[in-house]
Amino acid sequence: MHIAVVGLSHRTAPVEIREKLSIPEQTMETSLQTLRGNDQVLEVSILSTCNRLEIYTLVRHPERGISAISDFLGQHSGLATEDLSPHLFNFHHDEAVAHLMRVAAGLDSLVLGEGQILSQVKKMVRLGQEHKSMGPILNRLLTQAVSTGKRVRSETNLGTGAVSISSAAVELAQLKLGQAQGEDQLMTLESELVAVVGAGRMSRLLLQHLQAKGCSGVMLLNRTRQRAEDLSADFPELHVECRPLDDLNHCLSTCSLVFTSTAADDPIVDASLLKQLKRRSFLRLIDIGVPRNIASDVVDVPGVESHDVDDLHEVVSRNQEARQQMAKEAEVVLQEETRLFLEWWDSLEAVPTINRLRATLEAIRAEELQKALSRMGPDFSARERKVVEALSKGIINKILHTPVTQLRAPQARPERQQALRVVASLFELDPPLEDG
């Protein structure tokens, strides 16, 4: 068995490729079942965010398993192999474990140290458990990744003041407003007519950061108006005008700055829509949805400026240098957590031998107990039989305790293998069955 991860991220693929690989929660179960249907895949869980799609697996054979996952991604995206392969990465065993730890800690994020990725990893664990696509190996690995992410945030300063995708989007709006005025700096949004389309987690963060950056009011649109009103209630100090998504045209006609973050599979704003509107001002669109909410052709519309998640690099790079030292502190934690998991994984190598040793001693115990009980005759009571049987089991457990503990203890692999060979030889244990 081998741990492997196959995927792509903001580091390897542009948003137009990433959006084709996105797997929404409503189709997650089908995707997990499809992957589990391959005889190479023993366990699987999927991490799907706006900046990455990664499939974590326990496979029978690394090369064949990775190939099967790559084939699934090709079928899911509809992309030809030559178009998809250059954007995919894959890691095997210790590299896969180390990569997951970095992801959960926020060290592989577009925004270094951002905290939202940890909740997304937690969601990956929950969905894998709910849909029963994970077994004991991935469950332990992913659970440890979550605890590692928490540990990094509690033991280092990496999470302190870390920006999110949403806050970076707000800063991008401030920067573009400044650049339009000939200043390469962040400007206040106080005079902007701002709208947020969508009322999910990302939109909540958008409202939080818009309020912090001096925004005087926001038009909040959502398919379900009640959900928008529920969200706005959490921001009593910010004037929020809630509207249904049907009012999108009015929003685009009157607002100067529009953020979009919906779960729509297809763009909700395109050039043909904008050309029909009588807009009152220059319109700046910032789309943090993946798949994208705003079609790429809007750049051809006069008086419209559009940005997507890939454009956030411009503001993120301004904040990264100060966080690099904090990342070095986190790396120490990640190395330790990776080592701990790999030590546990290596200890599993001893399990078949331990099980065969236990079975051998149990067979001897049962046989000798039966001989002893038969010599005791009918005068030996049921209670006395139970006491003798418990005594024999206790002796076996005491005998096994030290060798089992030593075989599973952290140690170099050659040393463990030598110890396993010695045990198998001394007790004449049958060889384990080969795993096809």
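Residues numbered from 1 in each chain as written. Predicted model: local features only at pLDDT ≥ 70, side-chain atom pairs only at ≥ 80, totals over all residues. Heavy atoms only, no water.

(A) Local environment of the side chain of Asn-51. Turning to its location among the elements, Asn-51 is positioned in the loop between strand S2 (41–48) and strand S3 (52–59). Among the polar contacts made by the side chain of Asn-51, one reaches the side chain of Arg-18 at a distance of 3.3 Å. In contact with Asn-51, not counting residues within four places along its chain, are Leu-8, Ser-9, His-10, Arg-18, Leu-110, Ile-165 and Val-309. (Helix = DSSP H or I, 4+ residues; strand = E, 2+ residues; numbered from the N terminus. Polar contact = N/O pair within 3.5 Å; in protein donor to acceptor, adjacent residues only side chain to side chain. Contact = heavy atoms within 4.5 Å.)

(B) Representation of the nonpolar core in the model. Formed by 40 residues in total, the largest nonpolar core has its most connected members in Leu-210 and Phe-259. No other element matches the eight residues that helix H8 (residues 165–180) contributes to this core. Contact partners of Phe-259, with chain neighbours within four places excluded, come to Ala-169, Val-170, Ala-173, Val-194, Ala-195, Val-196, Val-197, Leu-206, Leu-210 and Ile-286. Counting residues in each nonpolar core, the second largest holds 37 residues, with Ile-3, Leu-118, Leu-142 and Ala-327 among its members. (Core = buried A, V, L, I, M, F, W, Y, C linked by side-chain atoms within 4.5 Å. Buried < 20%, exposed > 50% of the residue type's maximum accessible area, 1.4 Å probe, protein only.)

(C) Here's a closer look at the pairing of strand S1 (residues 2–9). Most of S1 sits out of view: seven of its eight residues are buried. Judged from the eight bridges that link them, S1 and S3 form a sheet pairing that is antiparallel. Across the sheet, the residue bridging to Val-5 is Tyr-56, located in S3. As paired strands, S1 and strand S4 (residues 89–92) are joined by four bridges and run antiparallel to one another. Looking at the pairing, Ala-4 lines up with His-92 of S4. (Pairing = 2+ DSSP bridges.)

(D) Broad picture of the side chain of Gln-144. As for its position among the elements, Gln-144 is in helix H7 (residues 136–155). Given the relative accessible area of 12%, Gln-144 is considered buried. Gln-144 has contacts with Met-101, Glu-337, Leu-340 and Phe-341, leaving out every residue within four places of it along the chain.

(E) Spatial organisation of the sheet that holds strand S8 (residues 257–260). Taken in spatial order, the six strands line up as S7-S6-S5-S8-S9-S10 in an open sheet, and their pairing is parallel. If you trace the sheet from one side to the other, it starts and ends with strand S7 (239–244) and strand S10 (304–307), each paired once. Neighbour-to-neighbour, the strand axes of the sheet open up by a mean angle of 20°, direction not taken into account. Pairing between strand S6 (residues 217–222) and S7: six bridges, direction parallel. What sits directly across from Gly-217, in S7, is His-239. (Axes fitted to C-alpha atoms, helices over the stretch in contact; angles between N-to-C directions.)

(F) Inspection of the environment of Cys-242 at higher detail. Along the polypeptide, Cys-242 turns up in strand S7. Exposure remark for Cys-242: the relative accessible area of 11% places this residue in the buried category. Sequence spacing of Cys-242 and Arg-421 is 179 residues, and the spatial spacing of their C-alpha atoms is 70 Å. Residues contacting Cys-242, with those up to four places away along its chain left out, are Leu-220, Arg-225, Ala-228, Glu-229 and Ser-232.

(G) Seen up close, the confidence of the model for the protein chain. Confidence in the prediction for the protein chain averages 91 pLDDT; 98% of positions are at 70 or higher. Of all the helices and strands in the protein chain, helix H13 (residues 313–320) carries the lowest mean pLDDT, 78, while S2 carries the highest, 98. (pLDDT = per-residue confidence, 0-100.)

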